[in-house]
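Here are the chains, one letter per residue:
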Amino acid sequence: DAHGAGMLLHDSTYYWYGSRRTANASGTQMDGGIALYSSSDLYAWRFESIVLPVFNCTSNDTKRRGSYGGSLSEYPPPSCANGNGLDLERPKVVQCGGPGSGGKFVMWVRGTGYGNTPQLVAVLESDHPTGPFSFVSNNTGSNDPFHTVAPGIANLPEGYQYADATLFQDPRPPHKTFVYWRTRMTKGIDGTSTGFRAMELTDDCRNVKPSSDTQVTVTPNREGPAMFYHEESYYLWVSWPISALSEASRCPP
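Residues numbered from 1 in each chain as written. Predicted model: local features only at pLDDT ≥ 70, side-chain atom pairs only at ≥ 80, totals over all residues. Heavy atoms only, no water.

Caption draft 1: Examining unusual backbone geometry more closely. Of note, the amide linkage connecting Gly131 to Pro132 takes the cis form, showing an omega dihedral of 5 degrees. Following Pro173, the chain continues to Pro174 via a peptide bond in cis, the omega torsion being 10 degrees. With respect to the helices, strands and loops of the structure, Pro174 is situated in the loop between β9 (162-169) and β10 (177-183). In the Ramachandran plot, Arg90 falls in the positive-phi region, its phi being about 55 degrees despite a non-glycine side chain. Mapped onto the elements of the fold, Arg90 is located in strand β5 (residues 89-95). Even without a glycine there, the phi angle at Glu232 is positive, about 70 degrees. (Helix = DSSP H or I, 4+ residues; strand = E, 2+ residues; numbered from the N terminus.)

Structure representation (structure tokens):
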């Protein structure tokens, strides 16, 4: 019940944030918002809470729920057909400023637009890793930072359309934070590839610095990115195709 996980280590406790997908959850398409679990050993996990419930949806109806691979006509419940259930996902949390900084715990999560078209991004923050989290922004339309860095195409809003993504905080001081994401469009209006992108976050981790925008790989269709630092090198793992590994390995932020 914590899919598309975002992991955080704070004060010797591991926190696992992820999409809650269960047939008994209220919301759309068997989805129940963002769940949080904690562990001291990465083996035994304790459920903490739903740190971000489904919104844009008010129905608790589960009578018409379907199953993955089942008929699309079985779900979602009619009153939630344009909510943000299944696509409220990929929550990533960092302590802005790094460990010991006393900074806010900042969450980025996608799929917050009504009907999920386009896939918008929300930023929330809390004084504690367990919440409560409150919205800093729920970007829509022209104020989504990922709509401002490149021209779009005719049938989609302007920009790169933030999709599969992760946050990475450099373990070295001053602990800058970066966002890596897949573009939902493969080419811009000028025909050039949008690619898989990266940008640095602002000092408060609430937004991006557009001037830092970097195309990490030319091909855009990357999913499940994981960025880490090990023995003086930075590594980015992404899904298919395999050529991504040769393009992106040992790439500095």
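Caption draft 2: The arrangement of the pattern of salt bridges in detail. Evaluation of the coordinates by the stated rule reveals 10 salt bridges. For Arg172, the salt bridge identified is with Asp170, shortest N-O distance 3.5 Å. On the accessibility criterion, Asp170 (8% relative accessible area) is buried. (Salt bridge = Lys/Arg side-chain N within 4 Å of Asp/Glu carboxyl O. Buried < 20%, exposed > 50% of the residue type's maximum accessible area, 1.4 Å probe, protein only.)

Caption draft 3: Region of the structure containing the environment of Asn221. Looking at where Asn221 falls in the secondary structure, it is placed in the loop between β12 (214-217) and β13 (226-230). For the pair Asn221 and Thr194, spaced 27 residues apart in the sequence, the C-alpha separation amounts to 9.9 Å.

Caption draft 4: How the structure looks around the pairing of β10. With 7 of its 7 residues buried, β10 lies for the most part within the structure. Direction of pairing for β9 relative to β10: antiparallel, over a ladder of 6 bridges. Bridging from a neighbouring strand, Ala165 pairs with Trp181 of β10. Bridge analysis of β10 against strand β11 (residues 196-200) gives 5 bridges, and the strand direction is antiparallel. (Pairing = 2+ DSSP bridges.)

Caption draft 5: View of the sheet that holds β12. Read across the sheet, 4 strands follow the order β9-β10-β11-β12 without closing on themselves; strand pairing throughout is antiparallel. One side of each edge strand has no neighbouring strand; the edge strands of this open sheet are β9 and β12. Pairs of neighbouring strands in the sheet enclose a mean axial angle of 30 degrees, with direction left out of account. (Axes fitted to C-alpha atoms, helices over the stretch in contact; angles between N-to-C directions.)

Caption draft 6: Summary view of the sheet that holds strand β6 (residues 105-110). With antiparallel pairing, 4 strands are arranged side by side in an open sheet as β5-β6-β7-β8. Sheet topology places β5 and β8 (134-138) at the edges, where each strand pairs with a single neighbour. For this sheet, the mean angle separating the axes of adjacent strands, direction not counted, is 20 degrees.

Caption draft 7: Molecular detail of the environment of Asp11. Its place among the elements puts Asp11 in the loop between β1 (3-10) and β2 (13-21). Sequence separation of Asp11 and Pro99 is 88 residues, and the distance between their C-alpha atoms is 8.6 Å. Engagement of the side chain of Asp11 in a polar contact is seen with the side chain of His10, the distance being 3.2 Å. (Polar contact = N/O pair within 3.5 Å; in protein donor to acceptor, adjacent residues only side chain to side chain.)

Caption draft 8: Structural detail: the pairing of β11. Buried residues dominate β11, accounting for 5 of its 5 residues. Every second residue of β11 is oriented toward a common face, with Phe196, Ala198 and Glu200 on one face and Arg197 and Met199 on the other, all of them buried. By the bridge criterion, 3 bridges tie β11 to β12 in an arrangement that is antiparallel. For Arg197, the partnering residue across the bridge sits in β12 and is Gln215.

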